[in-house]
Amino acid sequence: MRLPVISFILAACVSSAVAQKNALPANSGQCLVVLTDSWSATRGTLVALERTEGSPWRRRGSVPVRVGKTGLAWGRGLWQDPALSGPHKREGDDKAPAGLFYLGTAFGYAHQAPATKMAYLPLSHNIVAVDDPGSRFYNELVDQSKIQRPDWRSAEEMILSDVRYKWGVVVKHNMPPQKGAGSCIFLHVWKDPQTATTGCTAMPEKAIVDLMQWLDPARHPLLIQLPAPIYKELQAKWDLPERVW
């Protein structure tokens, strides 16, 4: 056990039925749906949905987002099928992951979170996101000041000169990590409306703060991120929320 590590890798409990049917977990009461026009599109819309047991999904709100500067590609989440048509995410491809993902720890520059129910990690200059596939800490947030033998050749600092990581939420992509399948994926503040990301999903600051205050781990929040034509194709097959927006 690596006690010094501030890890956001939390194993997702996925039943065999879900894995076989590619259906949404029945216990999820919150869902974020991000749709883009195509695999290569860098702009999209995030729609927040919620439901209670036995009721249909209800739209809560929407916001424009920017995704990877080269678009989307299938990631490693609750749906992992190498036979799916379309690009598949790799480290450094500047694509945001497509698929279905649980959400993890919230984080930010502030010492305390803005009234969120999510676990919260206050960032510091010592915390980095390791994106080196050869590292034993690959796809983890670590406090480098507490690592006796750092083994990574590259890692992203989490305190930036702009507001991108002022607030954010970890997307549980590629967990547990497969080397080279992509790392350190977040929902976070966008740099500006014109700038795409290197693989994350970015939005206005108010939007991410609102989401942090709304998200509740007890309701098992999900992120569904797909090109709209793929969403339409798979909606009935995978029991995706009906598009009422």
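Structure: above.
Reading the values: rules and limits
Counting of residues starts from 1 at the beginning of each chain's written sequence and follows it residue by residue. In keeping with the model being predicted, local features are shown solely for residues with a pLDDT of at least 70 and side-chain atom pairs are shown and tallied solely at 80 or more, while totals for entire chains, interfaces and linings include all residues. Processing note: side-chain calculations cover all non-hydrogen atoms of the structure and skip hydrogens and water entirely. Helix numbers and strand numbers start at the N terminus; a helix is a DSSP run of H or I with at least 4 residues, a strand a run of E with at least 2. Accessible area is worked out with a 1.4 Å probe on protein chains only. A residue is then buried under 20% of its type maximum, exposed over 50%, and partly exposed in between. N or O atoms within 3.5 Å of each other form a polar contact, as long as, within protein, one can give a hydrogen and the other can take it, and as long as residues adjacent in sequence are counted only when both atoms are side-chain atoms. Here, residues are in contact when the closest pair of their heavy atoms is within 4.5 Å. For two strands to count as paired, DSSP must find a minimum of two bridges between them. Between the N-to-C directions of two axes lies an angle of 0 to 180 degrees, each axis being a line fitted to C-alpha atoms and, for a helix, fitted only over the stretch in contact. Between Lys or Arg on one side and Asp or Glu on the other, a salt bridge is scored when a side-chain nitrogen of the former is within 4 Å of a carboxyl oxygen of the latter. Cysteine sulfur atoms are paired as a disulfide whenever they fall within 2.5 Å. Think of it this way: a Phe, Tyr or Trp ring, Trp meaning its six-membered ring, pairs with another when their centres are within 6.5 Å, and the plane angle makes it stacked under 30 degrees, edge-to-face over 60, tilted otherwise.

Undergrad: I would appreciate a short explanation of the side chain of Asp-216 in the present structure.
TA: The topology assignment puts Asp-216 in the loop between α2 (205-214) and β13 (222-227). By relative accessible area, Asp-216 is classed as buried at 15%. There is a polar contact of 3.0 Å between the side chain of Asp-216 and the backbone nitrogen of Ala-218. Those residues in contact with Asp-216 that lie beyond four places of it in its chain are Gln-30, Lys-117, Met-118 and Pro-221.

Undergrad: Teacher, can you tell me more about the sheet that holds strand β9 (residues 155-157) here?
TA: The pairing of strands in a sheet comes from backbone hydrogen bonds and takes either a parallel or an antiparallel form. The strand order across the open sheet built from three strands is β8-β7-β9, with neighbouring strands paired in antiparallel fashion. Across the chains shown, the open sheet's two edge strands, defined by having one partner strand only, are β8 (141-143) and β9. Shown here is a sheet whose adjacent strand axes are inclined to one another by a mean of 35°, direction ignored. With three bridges connecting them, strand β7 (residues 127-130) and β8 associate as antiparallel partners. Note that in β8 the partner of Ala-129 across the bridge is Leu-141.

Undergrad: Where do I start with the environment of Val-170 in this structure?
TA: You can see Val-170 is positioned in strand β10 (residues 167-171). Given the relative accessible area of 1%, Val-170 is considered buried. Considering only alpha carbons, one finds Val-170 and Gly-104, 66 residues apart in sequence, at a separation of 4.9 Å.

Undergrad: Explain the pairing of β13 here, please?
TA: The two faces of the sheet receive side chains in turn, since in a regular strand these alternate between them. In terms of burial, β13 is a largely internal element, six of the six residues being buried. As judged from the six bridges shared by strand β1 (residues 30-36) and β13, these two strands associate in the parallel manner. By the bridge assignment for β13, Cys-31 is matched with Leu-222. Here four bridges tie strand β5 (residues 96-108) to β13, and the two strands are oriented antiparallel to one another. Within the sheet, the bridge partner assigned to Tyr-102 lies in β13 and is Leu-222.

Undergrad: Honestly, the pattern of salt bridges in this entry has me stumped. Any pointers?
TA: For side chains of opposite charge, pairing can occur when their charged atoms come near one another. Going through the model one piece at a time under the given rule, you end up with eight salt bridges. Glu-50 is the partner of Arg-219 in a salt bridge, and the nearest nitrogen-oxygen pair spans 3.6 Å. Taken together, the residues Arg-219 in the loop between α2 and β13 and Glu-50 in strand β2 (residues 43-50) connect sequence positions 169 residues apart. The buried category is assigned to Glu-50, whose relative accessible area is 12%. A salt bridge links Lys-166 to Glu-205, with the shortest nitrogen-to-oxygen separation between them at 2.9 Å. One end of the pair, Lys-166, is in the loop between β9 and β10; the other, Glu-205, is in helix α2, and 39 residues separate them in sequence. Using a relative accessible area of 29% as the deciding quantity, one classes Glu-205 as partly exposed. Salt bridges sharing partners connect three or more residues here, namely Glu-50, Arg-58 and Arg-219.

Undergrad: How do you make sense of the state of the cysteines when you look at a structure like this?
TA: One covalent bond between the sulfur atoms of two cysteine residues makes up a disulfide. The tally for this structure, following the rule as stated, stands at zero disulfides. Free of any disulfide, Cys-184 has its nearest cysteine sulfur in Cys-200, 8.3 Å distant.

Undergrad: How do you make sense of unusual backbone geometry when you look at a structure like this?
TA: Across the chain, the bulk of peptide bonds are trans and the bulk of non-glycine residues have phi less than zero. For the bond running from Met-175 to Pro-176, omega is -5°, close enough to zero to count as cis. Here Pro-176 lies in the loop between β10 and β11 (186-189). In this structure, Ala-115 is a non-glycine residue whose phi angle is positive, near 55°. Structurally, Ala-115 is set in the loop between β5 and β6 (120-122). Phi at Cys-184 is positive, roughly 55°, even though this residue is not glycine. Residue position: Cys-184 is located in the loop between β10 and β11.

Undergrad: Please clarify how the packing of aromatic side chains should be interpreted in this entry.
TA: Think of a pair of aromatic rings as described by two things: how far the centres are apart, and how the planes are tilted against each other in angle. According to the stated counting rule, one finds seven aromatic pairs in the structure shown. Between Phe-107 and Tyr-165, the ring centres sit 6.0 Å apart and the planes meet at 85°, which makes this aromatic pair edge-to-face. With Phe-107 in strand β5 and Tyr-165 in the loop between β9 and β10, this pair connects stretches of sequence that are 58 residues apart. Residues Phe-107 and Phe-186 carry aromatic rings whose centres are separated by 5.1 Å and whose planes lie at 75° to one another, so their mutual orientation is edge-to-face. Taken together, the residues Phe-107 in strand β5 and Phe-186 in strand β11 connect sequence positions 79 residues apart.

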